[in-house]
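# Architecture at a glance
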Amino acid sequence: MIDYYEVNYDLMCSFYPLSRKVYDKLFAIAELKEIKAGTKLVSIGEVSKKLFLINKGVLRSYLMMENGKEITKTLFTPIEFFASFTSMLTNTPSEFTYETLTDCHIYEINYEAFVELCNTNTEVLKFYSRYLEFLFIEGESAFIAISSMNAKQRYLKLKERIPNIENLIPQYQIASYLNITPVQLSRIRSKLY
C-alpha cells in the first residue's frame, strides 16, 4: 500500500504548522485500511467513534428518506477528513450513512485517542480548531451553492472539484448529490457535451 505520511503531513500543516514530533503522535493513533467499494464505515443509527482521512477513492455520506430515497449530502475525495461529527461529538446515533463508492485507502483514528492528544498537546488542539473553522466555512459555502445555483451550475462546480467523477461513480449517485433526478442529469450532460 502507498505511504501517505508526507502528503498527510502537508495537508495537516495547511491548517496549522505541526512539528514532526507532534505529527508522529497523530500518525501513531491512525490505522491505514484498504476498504472495498460498498462498505459502510458508519451506518444510520450507529454512534460514531472514529475520525477518518481518505487518501484514495471516493465515498459519500447520505440520508435515507422515509420513502426509501437516498439523498447524498457529501462526496469525499482525497485528501479529506470526514466523520459523523454530530454523532461523535454528542454520542448520539448518526443521521447519515458513510459509504465507500470505490475501493479506498482510509485512515481510521479513534476519536477518544484524538481528544486525549488535544487535551495534552496545544499543537493538536490548534490544528483541530482550525480544521473545525474550515468545516464551518465549507458548510456555509455548500449552503450558498445549493441555495443560489441551478442544477447545471452545481454540476459544473462538482466537475471542477472532481473532473473525472463520471468515471468513478454511477450517474444516479451524482444526481443524488446534486439533488436532481438521473434524467435531469442526463439532460444537463447532453447540453454540455
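Residues numbered from 1 in each chain as written. Predicted model: local features only at pLDDT ≥ 70, side-chain atom pairs only at ≥ 80, totals over all residues. Heavy atoms only, no water.

## A short note on the overall build of the chain
Secondary structure assignment for the chain yields 9 helices and 8 strands. In terms of C-alpha radius of gyration, the chain reaches 18 Å, essentially the compact-globule figure of 16 Å for 193 residues. Principal-axis analysis of the C-alpha atoms places the extent of the chain at approximately 55 × 35 × 35 Å. When burial is assessed residue by residue, the chain has 40% of its 193 residues classed as buried. A fraction of 70% describes how many contacts in the chain between residues 6 or more apart in sequence connect residues 24 or more apart. Taking the average location of the 22 positive side-chain charges in the chain and that of its 22 negative ones, the two points are 7 Å from each other. (Helix = DSSP H or I, 4+ residues; strand = E, 2+ residues; numbered from the N terminus. Rg over C-alpha atoms; globule rule 2.2 N^0.38 Å. Buried < 20%, exposed > 50% of the residue type's maximum accessible area, 1.4 Å probe, protein only. Contact = heavy atoms within 4.5 Å. Lys, Arg positive; Asp, Glu negative; His and termini not counted. Charge placed at Lys NZ, Arg CZ, Asp CG, Glu CD.)

## What to know about the nonpolar core
In this structure, Leu18, Leu51, Phe81, Phe114 and Phe127 are the most contacted members of the largest nonpolar core, which totals 27 residues. Where this core is concerned, the elements lending two or more residues are helix 1 (5–13), helix 2 (20–28), strand 3 (50–56), helix 3 (85–90), strand 8 (104–110), helix 4 (111–120) and helix 5 (122–148). Those residues in contact with Leu18 that sit more than four places away from it in its chain are Tyr9, Met12, Cys13, Leu26, Glu123, Val124 and Phe127. Within the second largest apolar cluster, 15 residues are counted, among which are Val58, Tyr155, Ile165 and Ile188. (Core = buried A, V, L, I, M, F, W, Y, C linked by side-chain atoms within 4.5 Å.)

## Side note on the sheet that holds strand 6 (residues 80–82)
Strand order across the open sheet formed by 4 strands is 1-8-3-6, with antiparallel pairing between neighbours. Each edge of the sheet is formed by a strand with only one pairing partner; in this case those strands are strand 1 (30–35) and strand 6. On average, adjacent strands in this sheet sit at an angle of 30° to one another, irrespective of strand direction. With 6 bridges connecting them, strand 3 and strand 8 associate as antiparallel partners. Across the sheet, residue Leu51 finds its bridge partner in strand 8, namely Ile109. (Pairing = 2+ DSSP bridges. Axes fitted to C-alpha atoms, helices over the stretch in contact; angles between N-to-C directions.)

## Concerning the packing of helix 4 against helix 5
For the pair helix 4 and helix 5, interaxial distance at closest approach is 5 Å and the crossing angle is 115°. As for how helix 4 packs across helix 5, the hand of that crossing is left-handed. Mapping the contact onto sequence places Tyr111, Phe114, Leu117, Cys118 and Thr120 in helix 4 and Thr122, Val124, Leu125 and Tyr128 in helix 5. For the contact of helix 4 with helix 5, the per-class residue count stands at 7 nonpolar, 2 polar and no charged. (Left-handed = near helix turned anticlockwise from the far one by under 90°. Nonpolar A, V, L, I, M, F, W, Y, C, P; charged D, E, K, R; others polar.)

## Thoughts on the sheet that holds strand 4 (residues 59–64)
The sheet built from 4 strands is open, its strands ordered 2-7-4-5 with antiparallel pairing. Since the sheet does not close on itself, it has two edges, and those belong to strand 2 (40–42) and strand 5 (70–76), each with one partner. Pairs of neighbouring strands in the sheet enclose a mean axial angle of 30°, with direction left out of account. When strand 4 meets strand 5, the two strands line up antiparallel, connected through 6 bridges. By the bridge assignment, Arg60 is partnered in strand 5 with Leu75. Packed onto the sheet, helix 8 (residues 171–178) meets strand 4 and strand 5 and runs at close to 95° relative to strand 5.

## A short note on the packing of helix 8 against helix 9 (residues 182–192)
The interhelical angle for the contact between helix 8 and helix 9, taken along N-to-C directions, is 95°, at an axis separation of 8 Å. Between helix 8 and helix 9, the interaxial angle falls into the category roughly perpendicular. Together, Gln171, Tyr172, Ile174, Ala175 and Leu178 of helix 8 and Pro182, Leu185 and Arg189 of helix 9 make up the contact between the two elements. (Parallel < 35°, antiparallel > 145°, perpendicular 65-115°, else oblique.)

## Brief notes about helix 1
For helix 1, the complete set of buried residues consists of Tyr5, Asn8, Tyr9, Leu11 and Met12. Angular distribution of buried residues about the axis of helix 1 spans 160°; they occupy a single face of the element. Buried residues belonging to helix 1 abut helix 2, strand 3, strand 6, strand 8 and helix 5. (Arc of directions from axis to C-beta.)

Treat this as a map of the structure, not an account of what it does.
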